[in-house]
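As a plain string of letters, each chain reads:
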Amino acid sequence: MGQASPVILPEKIYLTGADNFYLMLAHKARKAEAGHNVLRIVFYFDNYNAVSPLIDRIKASPLIHWIHNITLVQGLFFLKPYWHYVNKGIQPVINETNCAQENIIPSELLNRDISLNQRLMEFDVLHYPSGKIAFVISWHHIIMDGRGSGYLMRHLNGNTAFDQETINDMFPKAEKRTGLIHAIKNMYEVRDFVQESSFRPITTVANQLSANGRKFNLKTIHFSETETALMDNNAKKNGARFGANLFQLAVCAQSIHQLNILQGKPGTIWLPIPYDGRKRGGNGPIVTNTISFLFYRLELKNLVGIKETIACINQQMMEQLKIELPTKYSKLLNMMRHIPLSLYSFLTTYSSKGVVSSFLYSSAGESTHDMTSLLQNEATDIVVIPPFIFPPGLTFSFLRYKGCLKMNIAYCVGSISENELNLIESTIKQLLLKKD
């Protein structure tokens, strides 16, 4: 099936500063020869017929066609990198695999990278012995962020048209120019803040990897609706005024702190946490990353208990929002597009002595703009799999679907042992599900 309507697709889309940030992370992963910067969503269906409408929409979508026919043009001599679209007639490929074990995503698929020189989005149908189906959508993070993929699912769900106006909304608008003096002043202000936030020493789980320690594993933990309600109540009781997200983040930080204590090396935890820059409502943009970051520095005095950790995160979040740090940091990211990736990588981790983050964290809620958008034939379950980023080699991600929370722990086997993973998991469960 070809394109559904003769829409005009953009021939040139500049990478945003956030896009370029993920390009830099991909550069670091190649140097480390570990992990990847690929996001995945897994939709579970009762049978193949339930997923067929989604596959048809994928094959008909002008946006999917555009993604399959773009080439990354790297910035040279301080020119910004951009996507160049030429209709080469490349179509999406639907890979099909028979799985011997029910509901399991093969490790080969989870660890499969997506090259910037090939298709930037992949689709896999996994057939299970029971007849149930898992449909996996994988894409390089440089193409879009988590919120963008939620809009993508609305697009593929049939909730948005394939007309010209709607397609235009899926791409980023032209940037507003920033005066040079203002940009330089902003750069120094943000640089000073980040350096103060991330000055070493910073604790991290990342280790030097052996040749057989570069693989990532994924552990998914499912919580019932009753357990999820208990977590929400615990979040409020511990001072998470802005919802369970900060409670979950604090719990993850506490689990790493407890591991550090056991290892005899407690220390400061530093966390750059994604902050979405999109306005609520609308259909996009889909293509591009619009995130910025908030930065949390948790010293030992902030890690004595879960209430203290949440209070510290709350305070730092309010202070950074007050000075509009996410907006200012986005402007800095836009400036960084003009320098080589190797220099970019050095500058972003200089003050922290190469530490990208103590660990990585992300969370998706349960609303129409997140990845939990339902399909025409409702998925029985959805799992969002975060990128396997090294360093730091450890990522926590949370997702709610049908009132139930699930947590992914993605870890590099060269950084986290099974015993350490078990300690992290048990600490998180104990703190999330604590009863009076």
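Details of the structure are given in the entry above.
Since the structure is predicted, the reported quantities are computational estimates derived from the model, not experimental observations.

Cut-offs and rules
- Residues numbered from 1 in each chain as written.
- Predicted model: local features only at pLDDT ≥ 70, side-chain atom pairs only at ≥ 80, totals over all residues.
- Heavy atoms only, no water.
- Core = buried A, V, L, I, M, F, W, Y, C linked by side-chain atoms within 4.5 Å.
- Buried < 20%, exposed > 50% of the residue type's maximum accessible area, 1.4 Å probe, protein only.
- Helix = DSSP H or I, 4+ residues; strand = E, 2+ residues; numbered from the N terminus.
- Contact = heavy atoms within 4.5 Å.
- Pairing = 2+ DSSP bridges.
- Axes fitted to C-alpha atoms, helices over the stretch in contact; angles between N-to-C directions.
- Phe/Tyr/Trp six-rings, centres within 6.5 Å; stacked < 30°, edge-to-face > 60°.
- Lys NZ or Arg CZ within 6 Å of the ring centre and 35° of its normal.

**Some details on the nonpolar core**
Soluble globular proteins tend to pack their nonpolar side chains together in the buried interior.
And step 1. Formed by 50 residues in total, the largest nonpolar core has its most connected members in W66, W83, M121, F135 and I143.
And step 2. With five residues, the top contributor of residues to this core is helix α2 (residues 48-60).
And step 3. When sequence neighbours within four positions are dropped, the list of residues in contact with I143 reads I67, I70, W83, L120, I286, V287, T288 and N289.
And step 4. Grouped together as the second largest cluster of nonpolar side chains are 43 residues, A240, A253, I306 and I310 included.

**Details of the pairing of strand β3 (residues 70-73)**
And step 1. Judged by which residues are buried, β3 turns out to be one-sided: I70 and L72 face inward and are buried, whereas T71 and V73, on the alternate face, are not.
And step 2. As paired strands, β3 and strand β4 (residues 82-85) are joined by four bridges and run antiparallel to one another. Directly across from V73, in β4, lies its bridge partner Y82.

**Remarks on the sheet that holds strand β7 (residues 133-140)**
Think of a sheet as strands paired side by side through backbone hydrogen bonds, with each pair either parallel or antiparallel.
And step 1. Pairing is mixed across the open sheet formed by five strands, whose spatial order is β5-β6-β7-β2-β12. Of all the strands in the sheet, just β5 (94-98) and β12 (381-385) have a single pairing partner and so form its edges. Neighbour-to-neighbour, the strand axes of the sheet open up by a mean angle of 20°, direction not taken into account.
And step 2. Bridge count between strand β2 (residues 38-45) and β12: five bridges; the pairing is antiparallel. Pairing of F43 across the sheet is with I382, part of β12.
And step 3. Packing of α2 onto the sheet brings it into contact with β2, β5, β6 (121-127) and β7, and relative to β7 it is tilted by some 25°.

**Observations concerning the packing of aromatic side chains**
And step 1. All chains considered together, the criterion is met by twelve aromatic pairs.
And step 2. Centre to centre, the rings of F293 and F295 are 6.4 Å apart; their planes meet at 35°, and the pair counts as tilted.
And step 3. Of the aromatic side chains, those joined through ring pairs into one cluster are F21, Y22, W270, F293, F295 and Y329.
And step 4. Residue placement shows R297 over the ring face of F199; its charged tip is 3.7 Å from the ring centre.

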